[in-house]
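If you want the building blocks of each chain, they are given just below.
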Amino acid sequence: MQPLRRKSLWLALSASWLLLVLLGVFPLLRLAVPSRPQPGASPGWPHWLDAALLQSFSQPGEPSGDAPPRPQGPRRGSCTWDTCVDTSRCKDGLTVFAYPAAGLTSERHRGVLASLEGSRLLTSSPAEACLLLLLCWDSPAGRCSPGPPPWNAGRNHLVLRLHPAPCPGASQLGQAMVAEASPKVDTFRPRFDVALPLLPEAHPLRGGAPGQLWQHSPQPGIALLALAEKMGRWRVVADIRSPAWGWDGHCEQDPGPEPTRPGERPPNATFCLIPGLRTEAWRFLEALQAGCIPVLLSPCWELPFSEVIDWTKAAIVADDRLLLQGQSEPSEVPGRLLFSLCAQVLAALQEMSPARVLALRQQSQFLWDAYFSSVEKVIRTTLEIIQGRIPGAPAQPSLLWNSPPGALLALPTFSLSPQDFPFYHLQLGSRPEGRFSALIWVGTPGQAPLKLIQAVAGSQHCAQILVLWSSERPVPSRWPETAVPLTVIEGHRKVSDRFFPYSAVSTDAILSLQGHVSLSTSEVDFAFVVWQSFPERMVGFLTWSHFWDEARGGWGYTAEMANEFSMVLSTAAFYHRYYHTLFTHSLPKAMKTLADEAPTCADVLMNFLVAAVTKLPPIKVPYSKQHLGAAALAPGPGTESQPPDPDCINQMATEFGHMPLVSSRVRLDPVLFKDPVSVQRKKYRSLEKP
């Protein structure tokens, strides 16, 4: 019996040893996802993009029990909106008072305060404010701004810190909300604090540089992995060459190509592997702008705006906890382990289809442009997130935050339903309604547009006609009989009145007209049908084009007929009524004043607005030669007789921070337009009349 017992004991010990080896080694060969959020934890951490992507490595959900959790430090209290905010001050929604600069002369500091001045949420009275904003101006060297005298333990205060360097006494912020760059996960208070991106010192205050995807496109069939190194360098460490991507199954551990110089943008790579150290957080934003998909190694910092942004659509998070088992100090990932993890990451990434990779890169460009390309957008996004926490206040759904043009350009005061905006019909599988409202602006000389009213009223798609009377002459007492309702609105003789969101407008589509315009019913019908297919764009008849004037060193534009154009005149154009809300409530007062003082700038300003939102050019449709010969569509005498001074377009480009106009050479014509076939086969016959 003794030999049998000894043999059984030996087999049991051998099996136990083998089990320990398997548990200790094989987890290193798979990637893990972050643990499932617990109640009260941050909801913004990304998981793998879909369940099928990494089935051979790990299943979505909890990591295995052999992965020890990261140590959790003490959080700054347990503040929530209900416990640490006096909600009685926010009953009318979010209003913000910004403490003035206290002896600080930083250009960035002044720029932040200037960006707040244009916000609809700003108030000049601290007693009336829901939130008191304090700029804690931490520099990388550790310099801090003093706190305000009426601190009140931080209650109803928002401390804004664009650098992660701690201020002295930062742990004593009490009940104040903290909007901080790359906050630590273990001290971040979900749905109370706000995670900001770590911005470089030279980040633009407004406008901002566009994304670089158009110039960061590897050759077809080749995907590169770039590794973030110390001193701000990037190095290409893998060239994937498999049937899908062409990868040969390993990462290069030799020095390989020379790394980029400190401060240079990432190389032309598809994936950017970024260590999870807090000091590397700024590399995340750098990769985002470059269109290089960030692959984060268990970041110890909260992803920016994770409360509202779905980062699974633009980034990948790999959990390195299993890989670092046995390391006494996980704060630094040794180079050999990075190369080992590089191979594991690439083994997973090779399963990703090129279409999915393109979708991730496109989303990175959208997020960069919508929320991160300027300091102004970062501040506005922060305030919109906080506003969404107020009970009863309008808060945008996730679709608006994570789909172009973004929540900053989808005002909650207009609607909270995506289908009410012109941007989401394709995603929702919907179509704009089949009716429009004609808004006819009558200025000088103030003659009733009788023929125009009859032509528009004859359209099968017309729901109503509104005449905006802005002439010094009295409103006529008699108007023509029409088959649709006709309403006269007395304006204030300002050109910007044309773009006011009048409650009388009952349809999504607006046909903007000036009283001197001459159009036929067929032209109106066809233009509206075209607009229904492109509800986010302006669809018009007469066009202008902008260009860069080398001699003057600025922008110019012309009304000469040419194949290329970038603007359509709002004297006769279709667009969505939402743009009236944006024009009135989002544009700075100075720009609307410019349009009133120089009426010819109004068309430019509306085109700037629509192009800045959609990143798309307008659409041109044909009109008959008889109108062209009479120049009836051109601006009338005393209103807009010629293109405005180039100073107009340059001032607007300065205010927007960039040139948003997009040129096009496309004109949409009806089927069989000008084809040598029977006129009876053509639907819009009058468009071809001589």
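Residues numbered from 1 in each chain as written. Predicted model: local features only at pLDDT ≥ 70, side-chain atom pairs only at ≥ 80, totals over all residues. Heavy atoms only, no water.

## Things to note about the overall build of the chain
Assigned secondary structure in the chain consists of 16 helices and 20 strands. By the burial criterion, 54% of the 690 residues in the chain qualify as buried. Excluding contacts between residues fewer than 6 apart, the proportion of contacts in the chain whose partners are at least 24 apart in sequence is 71%. (Helix = DSSP H or I, 4+ residues; strand = E, 2+ residues; numbered from the N terminus. Buried < 20%, exposed > 50% of the residue type's maximum accessible area, 1.4 Å probe, protein only. Contact = heavy atoms within 4.5 Å.)

## Observations concerning the confidence of the model for the chain
Averaged over all residues, the pLDDT of the chain equals 76, while 70% of them reach at least 70. Averaged pLDDT values for the elements of the chain fall to 49 in helix H15 (residues 625–630) and rise to 97 in strand S19 (residues 572–576). Every residue in residues 139–143 is under pLDDT 50, and counting partners more than four places away or in other chains gives 6 contacts. (pLDDT = per-residue confidence, 0-100.)

## Details of helix H7 (residues 375–387)
Taking 1.5 Å as the rise per residue, H7 with 13 residues should run 18 Å; its terminal C-alpha atoms sit 19 Å apart, in good agreement. Across the 13 residues that make up H7, a large majority, 11, are buried. Considered for burial, the residues of H7 that qualify are Val375, Lys377, Val378, Ile379, Thr381, Thr382, Leu383, Glu384, Ile385, Ile386 and Gln387. (Expected span 1.5 Å × (residues − 1).)

## Thoughts on helix H13 (residues 589–597)
Along H13, the residues that are buried comprise Met591, Lys592, Leu594 and Ala595. Seen from one end, H13 has its buried residues packed into an arc of 150°, which puts them on one side. Among the exposed residues of H13, those pointing more than 90 degrees away from its buried face are Lys589, Ala590 and Glu597. Its buried side turned inward, H13 meets helix H12 (578–585), helix H14 (601–614) and helix H16 (646–656). (Arc of directions from axis to C-beta.)

## Topic: the state of the cysteines
Scanning all chains against the criterion turns up 4 disulfides. Here Cys79 engages in a disulfide with Cys84; their sulfurs sit 2.0 Å apart. Looking along the S-S bond of the Cys79-Cys84 disulfide, the torsion reads about -75°, which is the left-handed sense. For the pair Cys79 and Cys84, one class covers both residues: buried. Paired through a disulfide, Cys601 and Cys648 show a sulfur-sulfur distance of 2.1 Å. Taken together, the residues Cys601 in helix H14 and Cys648 in helix H16 connect sequence positions 47 residues apart. Summarising the burial analysis for this pair, Cys601 and Cys648 share the class buried. (Disulfide = S-S within 2.5 Å.)

## Looking at the pattern of salt bridges
Counted under the stated rule, the structure contains 12 salt bridges. Of the charged contacts, one joins Glu655 and Arg206 as a salt bridge, the two residues approaching to 3.5 Å between their closest N and O atoms. Placement of the pair is Glu655 in helix H16 and Arg206 in the loop between strand S5 (194–196) and strand S6 (223–228), with a sequence separation of 449 residues. Assessed through its relative accessible area of 31%, Glu655 is described here as partly exposed. On the basis of relative accessibility, which here comes to 34%, the residue Arg206 falls in the partly exposed class. Between Asp369 and Lys377 there is a salt bridge, with its nearest N and O atoms 4.0 Å apart. We classify Asp369 as partly exposed; its relative accessible area is 23%. Judged by its relative accessible area of 18%, Lys377 is buried. (Salt bridge = Lys/Arg side-chain N within 4 Å of Asp/Glu carboxyl O.)

## Describing the sheet that holds strand S16 (residues 543–549)
The strand order across the open sheet built from 3 strands is S17-S16-S18, with neighbouring strands paired in antiparallel fashion. Unpaired on one side and paired on the other, strand S17 (554–558) and strand S18 (567–568) mark the two borders of the sheet. Judged from the 2 bridges that link them, S16 and S18 form a sheet pairing that is antiparallel. If you follow Thr543 over to S18, its bridge partner there is Val568. Across the sheet, H16 lies against S16 and S17, angled at about 130° from S17, the strand it touches most. (Pairing = 2+ DSSP bridges. Axes fitted to C-alpha atoms, helices over the stretch in contact; angles between N-to-C directions.)

## Some details on the environment of Gln396
Positionally, Gln396 belongs in the loop between H7 and helix H8 (398–402). Residue class for Gln396 comes out buried when judged on its relative accessible area of 9%. Between the alpha carbons of Gln396 and Pro412 there is a distance of 6.2 Å; along the sequence they are 16 residues apart. What Gln396 contacts, discounting residues up to four positions off in sequence, is Glu384, Trp401, Ala407, Ala410, Pro412 and Leu416. Polar contacts involving the side chain of Gln396 include one to the main-chain carbonyl oxygen of Ala407, which spans 3.1 Å. Side-chain polar atoms of Gln396 contact the backbone oxygen of Ala410, separated by 3.5 Å. (Polar contact = N/O pair within 3.5 Å; in protein donor to acceptor, adjacent residues only side chain to side chain.)

## Looking at the sheet that holds strand S11 (residues 436–442)
Spatial strand order, S13-S12-S11-S14-S19-S15-S20: 7 strands in an open sheet with mixed pairing. The sheet is open, and its two borders are formed by strand S13 (486–490) and strand S20 (619–620), each paired with just one other strand. In this structure, strand S15 (residues 539–540) lies alongside S19, joined through 2 bridges in antiparallel fashion. Directly across from Gly540, in S19, lies its bridge partner Ala573. Sheet contacts for helix H11 (residues 521–533): S11, strand S14 (509–514), S15, S19 and S20; angle to S19, the most-contacted strand, approximately 30°.

## Examining the nonpolar core
Grouped together as the largest cluster of nonpolar side chains are 86 residues, with contacts concentrated most on Phe436 and Ile465. Those residues in contact with Phe436, other than ones at most four positions away along the chain, are Val456, Ser459, His461, Cys462, Ala463, Gln464, Thr507, Ala509, Leu511, Val524, Phe528 and Phe574. Core analysis: the second largest hydrophobic core is formed by 67 residues, Cys292, Trp301, Val317 and Leu408 among them. (Core = buried A, V, L, I, M, F, W, Y, C linked by side-chain atoms within 4.5 Å.)

## Topic: the packing of aromatic side chains
Under the defined criterion, the tally for this structure stands at 28 aromatic pairs. A ring pair is formed by Trp469 and Trp479, whose centres lie 6.1 Å apart and whose planes are at 85°; its orientation type is edge-to-face. Residue Trp469 is located in strand S12 (residues 462–469), and its partner Trp479 is located in the loop between S12 and S13; the two are separated by 10 residues in the primary sequence. Residue class for Trp469 comes out buried when judged on its relative accessible area of 3%. Ring geometry for Phe528 and Trp531: centres 6.0 Å apart, planes at 20°, overall stacked. (Phe/Tyr/Trp six-rings, centres within 6.5 Å; stacked < 30°, edge-to-face > 60°.)

## Observations regarding unusual backbone geometry
Going from Pro404 to Pro405, the amide bond is cis rather than trans, its omega being 5°. Within the secondary structure layout, Pro405 lies in the loop between H8 and helix H9 (425–428). Positive phi, normally seen in glycine, also occurs at Ala153, with a value near 60°. Relative to the assigned elements, Ala153 resides in the loop between strand S2 (131–135) and strand S3 (157–161).

## Let's talk about the packing of H14 against H16
The N-to-C vectors of H14 and H16 enclose an angle of 30°; their axes lie 10 Å apart at closest approach. When the axes of H14 and H16 are compared, the pair comes out roughly parallel. The two elements H14 and H16 meet at a crossing, and its hand is right-handed. Seen from H14, the contacting residues are Cys601, Val604, Leu605, Phe608, Leu609 and Ala612; seen from H16, they are Cys648, Ile649, Met652, Ala653 and Phe656. For the contact of H14 with H16, the class distribution of residues is 11 nonpolar, no polar and no charged. (Parallel < 35°, antiparallel > 145°, perpendicular 65-115°, else oblique. Left-handed = near helix turned anticlockwise from the far one by under 90°. Nonpolar A, V, L, I, M, F, W, Y, C, P; charged D, E, K, R; others polar.)

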